[in-house]
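Observations on the three-dimensional arrangement
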Amino acid sequence: MLLLNRAVVPGLRQACRLKSTPLRLCIQACSTDDSFRPHRPDSTFSGDSSSTGGWRVMGTLLGLGAVLAYHDHWCRAAQDSKPRIYTKEEVSSHKSQKTGIWVTLGSEVFDVTEFVDLHPGGPSKLMLAAGGPLEPFWSLYAFHNQPHVRELLAQYKIGELSPEESVPPTLEIADPFADDPVRHPALKVNSQRPFNAEPPPELLTENYITPNPIFFTRNHMPVPNVDPDTYCLHVVGPPGGQSLSLSLDDLYKFPKHEITVTLQCAGNRRSDMNKVKEVKGLEWRTGAISTARWAGARLCDVLVQAGYQLGETEAHVCFEGLDSDPTGTTYGASIPLARAMDPEAEVLLAYEMNGQPLPRDHGFPVRVVVPGVVGARNVKWLGKVSVEPEESYSHWQQRDYKGFSPSVDWDTVDFDSAPSIQELPVQSAITEPQDGDTIQSGEVTVKGYAWSGGGRAVIRVDVSLDGGLTWHTAELEGEKQPPRKAWAWRLWHLQAPVPAGQKELNIVCKAVDDSYNVQPDTVAPIWNLRGVLSNAWHRIRVHVTQ
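Residues numbered from 1 in each chain as written. Predicted model: local features only at pLDDT ≥ 70, side-chain atom pairs only at ≥ 80, totals over all residues. Heavy atoms only, no water.

Let's talk about the overall build of the protein chain
Selection rule: Strands here mean DSSP runs of E at least two residues long; helices mean DSSP runs of H or I at least four residues long; both are numbered from the N terminus. Any two residues having at least one pair of non-hydrogen atoms within 4.5 Å are treated as being in contact. Where accessible areas are quoted, they stem from the Shrake-Rupley method and a 1.4 Å probe; at the residue level, only the protein chains shown are allowed to cover.
The number of helices and strands found in the protein chain is 13 helices and 27 strands. When contacts within the protein chain are restricted to residue pairs at least 6 apart in sequence, long-range pairs at least 24 apart make up 70% of them. Just so you have it, the protein chain exposes about 25500 Å², and 53% of that area is on carbon and sulfur atoms.

Okay, structure coming up:
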């Protein structure tokens, strides 16, 4: 395929979208036009035939005209013909970039060659279905079966399976989620398979410590059912050190350390970003955050026993979970070795949550708890720990959980250009009243939470009843914590008079941490294509009855 002029491709792609023509067909239409080549920055247009830049621009315009002319021909031909019919054998022969990558869903055939590298779950996941049906894999990742996903897929349709072969796949597949644990009915579910849910706002801040059954749940794959009697944690030692194979009983022999830590998903409050512009990801509201009292062995103690030295910094500690997808790929993440080896950072290999063994949804029998760091690095169902010169090569470390400029989209994103999220920015949200509620005139009580990453303490929460024109200072609740070790949130409340005559209140909150970081006032400047790091002022509107 010819290398297209960068100035032409966006317009070509847009023209194809407007005309409902697959881009690959438009590219094929122009493949005989030499004008579609990379242009030099010094190329300029002139009528002189010796000006290569001028001829390239003219050729580009002619080529685009040829595309549109071809498109009209293609549309007329499509209207006069029936859908192209393929056999399953033909589909199965298209499973590489060289042959093209085709898949089927029901009786429809799709050429997804161009989409493979854009697949949010990574190319390898989509390649599992190359040359065959999507159904067995959509049964594993049921969130695909949504209208917007089907609309996206429809853009790549090229034909139909022959009638005698268009019956749905009959392969019986064991349900990988059948053994998932029972969940509390109060949780607001964002996806069932894998299970992701948050507590309702009215319960989230009822207690400083979040009860285990309503602690927010973020799973990427089915929940493994690990036998505690045979559990083994593999810790890879350094050259000259020793690798460890630790049972639960072995971990119990290390000094037990307890700490109160708030965990927050990078996508908490993603719903606010979706109001500005659609993003890809679960529709988390304000509840992808919870606080627990964790207990376990300090990671630094375990690494020292394996032969690592306190003070070592130039590396990364990589974690692998026991949860896996059909390829055997496990969830993975990493943190800098300097944090892992710092006793003051209090990184835990936790086996207890609020005085009980970890619930299965939260990593039983052992998980990593990294205070002050995004939830994605707190790997559950921990199976392996190793120290590596580079960050984890896991998809979730390299191709997810990163922030980008609002101008970056899925056509221009370069995940290698952005660092992985570790510490999170200052955050707060209102949990009572809720958006759309009706309150009585007189006095209003506003409640919520506030937290900041990296151990930075929340020192103030400001609340406004008029959209930010005037402010009140809320009263902070919860444990006071040492400087730079404020791992847990502060709950807060405000009781204030309702301004006389007001029929509606525009309630806003914003938090300030001990570095005087403060939340941005609006979402648009921090919008990003994955909807992470959403921490603008939280806003709700309530009605007032007299």
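Once the structure has been displayed, the description carries forward.
Re the side chain of histidine 362
Which entries qualify depends on this criterion: Throughout, exposure labels follow a simple rule: accessible area from a 1.4 Å probe, protein chains only, divided by the maximum for the residue type, with under 20% read as buried, over 50% as exposed, and the rest as partly exposed.
Structurally, the position occupied by histidine 362 is in the loop between strand 16 (356–357) and strand 17 (367–369). For histidine 362, a relative accessible area of 4% corresponds to the buried category. The contact partners of histidine 362, leaving out residues within four places of it in the chain, are Asn212, Phe215, Phe216, Thr217, Met353, Arg367 and Lys380.

Some details on the pairing of strand 12 (residues 289–298)
Heads up, the condition is: Pairs of strands are assigned from DSSP output, requiring at least two bridges between the strands.
When you tally the buried positions in strand 12, you get eight out of ten residues, the bulk of the element. Note: strand 11 (residues 256–264) against strand 12, nine bridges, orientation antiparallel. Within the sheet, the bridge partner assigned to isoleucine 259 lies in strand 12 and is tryptophan 294. With five bridges connecting them, strand 12 and strand 15 (residues 348–353) associate as antiparallel partners. Considered in strand 15, the bridge of glycine 296 is made with alanine 350.

So, a negative patch on the surface
Which entries qualify depends on this criterion: Note that patches include only residues with greater than 30% relative accessible area and no salt bridge, and the join distances are 9 Å for like charges and 5 Å for nonpolar side chains (Val, Leu, Ile, Met, Phe, Trp, Tyr). The working definition used for a salt bridge is a side-chain nitrogen of Lys or Arg within 4 Å of a carboxyl oxygen of Asp or Glu. Counted charges follow a simple rule, with Lys and Arg positive, Asp and Glu negative, and His plus the chain ends left uncounted. Working definition for charges: the position is that of NZ of Lys, CZ of Arg, CG of Asp or CD of Glu.
A contiguous patch of negative charge, built from Glu202, Glu206, Glu432, Asp435 and Asp437, is present on the exposed surface. Its location among the elements puts glutamate 206 in the loop between helix 8 (201–204) and strand 8 (217–218).

Describing the sheet that holds strand 22 (residues 458–464)
On the basis of which strands lie adjacent, the open sheet formed by five strands has the order 20-27-26-22-23 and mixed pairing. Looking at strand neighbours, the two that pair on one side only are strand 20 (438–440) and strand 23 (472–473), the edges of this open sheet. Pairing of strand 20 with strand 27 (residues 538–545), which is carried by three bridges, proceeds in the parallel orientation. Bridging across to strand 27, threonine 438 finds its partner in histidine 543.

Considerations on the packing of aromatic side chains
What counts, and what does not: Any two rings among Phe, Tyr and Trp, with Trp reduced to its six-membered ring, count as a pair given centres within 6.5 Å; such a pair is stacked if its planes are under 30 degrees apart, edge-to-face if over 60, and tilted if neither. Each ring is checked for a lysine NZ or an arginine CZ that lies within 6 Å of its centre and within 35 degrees of its normal; such an atom marks a charge sitting over the ring.
Following the criterion strictly, the structure yields eleven aromatic pairs and no others. Aromatic pair phenylalanine 115 and tyrosine 156: ring centres 5.8 Å apart, planes at 45°, arrangement tilted. Taken together, the residues phenylalanine 115 in the loop between strand 4 (108–111) and helix 5 (123–127) and tyrosine 156 in the loop between helix 7 (147–154) and strand 5 (157–161) connect sequence positions 41 residues apart. Between the aromatic rings of tryptophan 471 and tryptophan 537, the centroid separation amounts to 5.2 Å while the plane-to-plane angle is 85°, which identifies the pairing as edge-to-face. Residue tryptophan 471 is found in the loop between strand 22 and strand 23, and its partner tryptophan 537 is found in the loop between strand 26 (504–513) and strand 27; the two are separated by 66 residues along the sequence. Judged by relative accessible area, which is 31%, tryptophan 471 ranks as partly exposed. The ring of phenylalanine 195 is capped by arginine 183, whose NZ or CZ atom sits 4.0 Å from the centre of that ring. Here lysine 510 stacks its cationic end above the ring of tryptophan 471, 4.7 Å away from the centre of that ring.

Digging into helix 11 (residues 299–306)
For helix 11, a buried count of six out of eight residues is recorded, marking the element as mostly surrounded by other parts of the structure. Along helix 11, the residues that are buried comprise Leu299, Cys300, Asp301, Val302, Leu303 and Ala306.

Looking at the confidence of the model for the protein chain
Quick reminder of the rule: Within a predicted model, pLDDT stands for the predictor's per-residue confidence, ranging from 0 to 100.
Mean pLDDT for the protein chain: 86, with 82% of residues reaching 70 or above. Ignoring residues within four places in sequence, the model shows residues 1–71, a span with pLDDT below 50, making 76 contacts including any to other chains. The model gives residues 73–80 a pLDDT under 50, and that stretch makes five contacts with residues more than four places away or in other chains.

Quick word on the pattern of salt bridges
Under the defined criterion, the tally for this structure stands at 24 salt bridges. Two residues, glutamate 108 and lysine 157, come together in a salt bridge whose shortest N-O distance is 3.0 Å. Taken together, the positions of glutamate 108 in strand 4 and lysine 157 in strand 5 put the pair 49 residues apart, joining distant regions of the chain. One salt bridge connects aspartate 513 with arginine 456, and the closest N-O pair in it is separated by 3.5 Å. Note that aspartate 513 is positioned in strand 26 and arginine 456 in the loop between strand 21 (443–451) and strand 22, a separation of 57 residues in sequence. On the basis of relative accessible area, aspartate 513 is assigned to the buried category, the value being 0%. Several salt bridges share partner residues, and in doing so they unite Arg339, Glu423, Arg456 and Asp513 into one network.

Section: unusual backbone geometry
Of the consecutive residues arginine 193 and proline 194, the connecting peptide bond is found in the cis state with omega at 0°. Within the fold, proline 194 resides in the loop between strand 6 (188–191) and strand 7 (196–198). Phenylalanine 364 connects to proline 365 through a cis peptide bond whose omega is 10°. Turning to its location among the elements, proline 365 is positioned in the loop between strand 16 and strand 17. At tyrosine 401, a position not held by glycine, the phi torsion is positive, near 55°. Classification of tyrosine 401 as buried rests on a relative accessible area of 2%. Phi at tyrosine 516 is positive, roughly 60°, even though this residue is not glycine. Position of tyrosine 516 relative to the elements: it lies in the loop between strand 26 and strand 27.

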